[in-house]
Amino acid sequence: MSILQDIFAELKWRGLIHQTTDDAHLPTWLNAASRTLYAGFDPTADSLHVGSLMPLMILRRFQRAGHKPIALVGGATGMIGDPSGKSEERNLLSLDALRANVRGLEAQMRTVLDFDNAANPAVLVNNYDWMSGFSFLEFLRDVGKNFPVNVMLAKDSVKSRLERSDAGLSYTEFSYMLLQAYDFVHLYSQHGCELQLGASDQWGNITAGIDLARRQKSVQLYGLTCPLLTKSDGSKMGKTESGTVWLSAARTSPYAFYQYWINVDDADAGKCLRFLTEFSREEIEALDAARAVEPAKRESQRRLAEELTRLIHDDVGLDSARRATEIFFGAEIRELSDVQLGEIFADVPSKELPRSRLTGEGLNVIDALVEASLAKSKGDARRTIEQGGAYVNNRRIDGLTKQLSPADLASESVMVLRSGKKKYALLRFRD
RNA sequence: GGGGGGUUUCCCGAGCGGUCAAAGGGGUCAGACUGUAAAUCUGAUGGCAUUGCCUUCACAGGUUCGAAUCCUGUACCCCCCA
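Every value quoted in this text rests on a predicted model; they were computed, and no experiment measured them.

Asker: Would you mind showing me how to read the protein's contact with RNA strand B here?
Answerer: Every one of the 25 residues lining RNA strand B counts as a neighbour, but Gln259, Asp266, Ser377, Lys378 and Arg383 are closest to it. Restricting the count to atoms of RNA strand B within 4 Å of the protein gives a sugar and phosphate share of 65%. Between RNA strand B and Asp266 there is a distance of 2.6 Å, counted from a base nitrogen to a side-chain nitrogen or oxygen. The separation between a phosphate oxygen of RNA strand B and a polar side-chain atom of Ser377 is 2.7 Å. Mapped onto the surface near RNA strand B, the elements with two or more residues apiece are α12 (254-262), α15 (299-329) and α18 (378-386). When the residues that make up the surface near RNA strand B are grouped by side-chain class, the tally is 5 nonpolar, 11 polar and 9 charged.

Following this line, the structure appears as structure tokens:
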């Protein structure tokens, strides 16, 4: 087994410790032996997103430091809905949807955690496995009995919802913390798990588990929360105009994922490097210094994007993201294959047209822009071209009369149109 | 139930019976600048067409050579008095 590293100090300098249940003993406790810990993940979708990357990375850090991480997928709790941090009652997911989601999450966790390590392998559990068999009466007697309602009402997650006049809190969601509390105790009994991690909004649920363990098992468990991953303007990290940034390549292409990190604000770059990468303190501080002197080089963002894209999408994914970036911001596109273009422009909308449109007179650029939905009318297309904002295969179009012919294809059958700096669309010409 | 005001192009908002596709602002789009940033500056912003044409100013009618602008009715909104 690897020698234990001082994980607490590591988390501390990275700013990953928001709150712990025992600041005094936790560091020495962690350094004394290999401990088992867990973090839970909600299967509200079939993929994790940037927000859940942070706790997952913390599990990874613990594993690397010699501890045993358990990733819990909330197949049962996901059926209920955690009121923490939510302003409204959740919609319930169907059992089938949950199962599919759980499978999706498992696959992603395998890329971040090591499940085959002999000494301290990561373990994946699904709380549906032990929760589904519980009868309501049993649960009320064994678990519910240990929860004073006044304590539950005092939790922030509950209190904030009760104070709102426009959103209620159902009994179901109110009970959520009992389930998560029970999970912790169950993992303690079955796996010797003594520490639970979570984002800061999980504090109430974590302490609920610690209370339950003390009452039921007379043991002292620990809790540790990390800050929420937010931007300097206070908004949540991991959202773009087009929606959430997911870890699944099917939902967010490696290119889009890479681009998200490349575009991180200078003000947020240092935090992202500390929270999400495994660069050493020296490396990160060097990047901070470089960013202060030469922000334009954006080395921090580049390193961040490369590191995370490689971690989530592998070298292959990073390669395709890099290649796509080159093309998206680079020179003329020519002599590529349909397959290559398809990969690079995976996120780009495309439209199929009969090949006959290109032959003979050819296809007018104005019509091409409209067909590709880059302009909402011919007038709009005309304007874009007149103002120098229209491109075919990344080459600016400078006349309204340009007719496109087969010679303008970037590959066997695809033409790449662009309006403005980075709004692309493909036209595919089929026989 | 009585009296008054309102409804304008994505949003706010100005509009004299002709010179109104309709001021101004916001937003959006494009360009320049730049770090694939922020800020700034410039231009564009109903549709079709190289002069011009067509459809818009709550809805339906009417007056007029001509209406977003006047009249009548309908719908919705706001305010005041019961």
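Asker: Can you walk me through the environment of Gly81 in this structure?
Answerer: Along the chain, Gly81 falls in the loop between β3 (68-73) and α4 (95-112). What makes Gly81 buried here is its relative accessible area of 1%. Each C-alpha atom of the pair Gly81 and Gly360 lies 61 Å from the other, and the pair is 279 residues apart in sequence.

Asker: When you look at the packing of aromatic side chains in this model, what are you seeing that I'm missing?
Answerer: The description of an aromatic ring pair rests on the distance of the ring centres and on the angle between the ring planes. With the rule as written, the count across this model stands at 11 aromatic pairs. On the numbers, 5.0 Å between centres and 85 degrees between planes, the contact of Tyr260 with Trp261 is edge-to-face. Judged on exposure class, the residue Tyr260 and its partner Trp261 are both buried. Measuring from centroid to centroid gives 5.0 Å for Phe328 and Phe345, while their planes differ by 40 degrees, and the two rings are tilted. Taken together, the positions of Phe328 in helix α15 and Phe345 in the loop between α16 (338-344) and β9 (350-354) put the pair 17 residues apart, joining distant regions of the chain. Members of the aromatic cluster, each reached through a chain of ring pairs, are Tyr255, Phe328, Phe345 and Tyr424. Geometry around Phe115 places Arg110 over its ring, the cationic atom sitting 4.7 Å from the centre. The ring centre of Trp246 lies 4.4 Å from the NZ or CZ of Arg251, which sits over that ring.

Thresholds applied
- Residues numbered from 1 in each chain as written.
- Chains lettered and ligands numbered in written order.
- Predicted model: local features only at pLDDT ≥ 70, side-chain atom pairs only at ≥ 80, totals over all residues.
- Heavy atoms only, no water.
- Near = heavy atom within 4 Å.
- Polar contact = N/O pair within 3.5 Å; in protein donor to acceptor, adjacent residues only side chain to side chain.
- Helix = DSSP H or I, 4+ residues; strand = E, 2+ residues; numbered from the N terminus.
- Nonpolar A, V, L, I, M, F, W, Y, C, P; charged D, E, K, R; others polar.
- Buried < 20%, exposed > 50% of the residue type's maximum accessible area, 1.4 Å probe, protein only.
- Phe/Tyr/Trp six-rings, centres within 6.5 Å; stacked < 30°, edge-to-face > 60°.
- Lys NZ or Arg CZ within 6 Å of the ring centre and 35° of its normal.

Any functional reading would require information that these geometric values do not contain.
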